[in-house]
Amino acid sequence: MINLRKLAVLAASLAALAACAKTAAPDTAADETAARAVNIAWYKAYNAGDGAAVAALYSEDAVLNAPGAPAARGKASISEYFVKGAAATAAAGVALVDGLTSEVGVSGDLAWQSGTFKITDKSGAAVDAGKYLTVFQRKDGKWIIIRDTWNSDAAPAAPTATAASAAPPK
């Protein structure tokens, strides 16, 4: 004779398993494309010397961690950094080029992109290369940068005697 209690437990277990199997991962392809588009706009504006357009891609409370500089906090500081830097880069005739591959991930209203870049001179020769990590947040249906950092693959310059003497003692 079939035990009704065991049969009920088995039926409930199978129903729960079937419900789990029907849950699909969210489709993030459109959000990944949108995050990549922000990065493409960043490179285009920076290489055009338009630091204000670059800064417009950041949130009001964003933090920029650029190499060799203190953290720039807030859109005004970020704008100041890019207005100077993009204009100088354009005047020098160098360009930033996004690497061929990058990774993008999305989780709810947050996204990240990591990849590589190179800096080329007027002839197209690479003068530097490095990597970046950018974090985006969806605000009012639009992806904006909330954290950004990058660095060079080149080894840092050796400390000078002056810098070594200014270092705090251990």
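The structure we're discussing is the one just above.
Thresholds, definitions, all that
- Residues numbered from 1 in each chain as written.
- Predicted model: local features only at pLDDT ≥ 70, side-chain atom pairs only at ≥ 80, totals over all residues.
- Heavy atoms only, no water.
- Pairing = 2+ DSSP bridges.
- Helix = DSSP H or I, 4+ residues; strand = E, 2+ residues; numbered from the N terminus.
- Contact = heavy atoms within 4.5 Å.
- Axes fitted to C-alpha atoms, helices over the stretch in contact; angles between N-to-C directions.
- Salt bridge = Lys/Arg side-chain N within 4 Å of Asp/Glu carboxyl O.
- Buried < 20%, exposed > 50% of the residue type's maximum accessible area, 1.4 Å probe, protein only.

(A) Seen up close, the sheet that holds strand 2 (residues 72-73). Pairing is mixed across the open sheet formed by 6 strands, whose spatial order is 2-1-6-5-4-3. A single partner strand is all that each edge strand has here, and the edge strands are strand 2 and strand 3 (95-107). The pairing of strand 1 (residues 58-65) with strand 2 spans 2 bridges and is antiparallel. The partner of valine 63 across the bridge, within strand 2, is arginine 73. Helix 2 (residues 29-47) contacts strand 1, strand 3, strand 4 (110-120), strand 5 (126-139) and strand 6 (142-152) of the sheet and is inclined by roughly 155 degrees relative to strand 3.

(B) Inspection of the pattern of salt bridges at higher detail. Scanning all chains against the criterion turns up 6 salt bridges. For arginine 138, the salt bridge goes to aspartate 31, with nearest N and O atoms at 2.8 Å. Taken together, the residues span a long stretch of sequence, with arginine 138 in strand 5 and aspartate 31 in helix 2 at a distance of 107 residues. Arginine 138 gets classed as partly exposed once you look at its relative accessible area, which sits at 25%. Aspartate 153 is the partner of lysine 131 in a salt bridge, and the nearest nitrogen-oxygen pair spans 2.7 Å. Here lysine 131, found in strand 5, pairs with aspartate 153, found in the loop between strand 6 and helix 5 (161-166); they are 22 residues apart in sequence, far enough to count as distant. Under the relative-accessibility criterion, aspartate 153 is labelled partly exposed at 49%. When salt bridges with common partners are traced through the structure, they connect Asp31, Asp109 and Arg138 into a single cluster.

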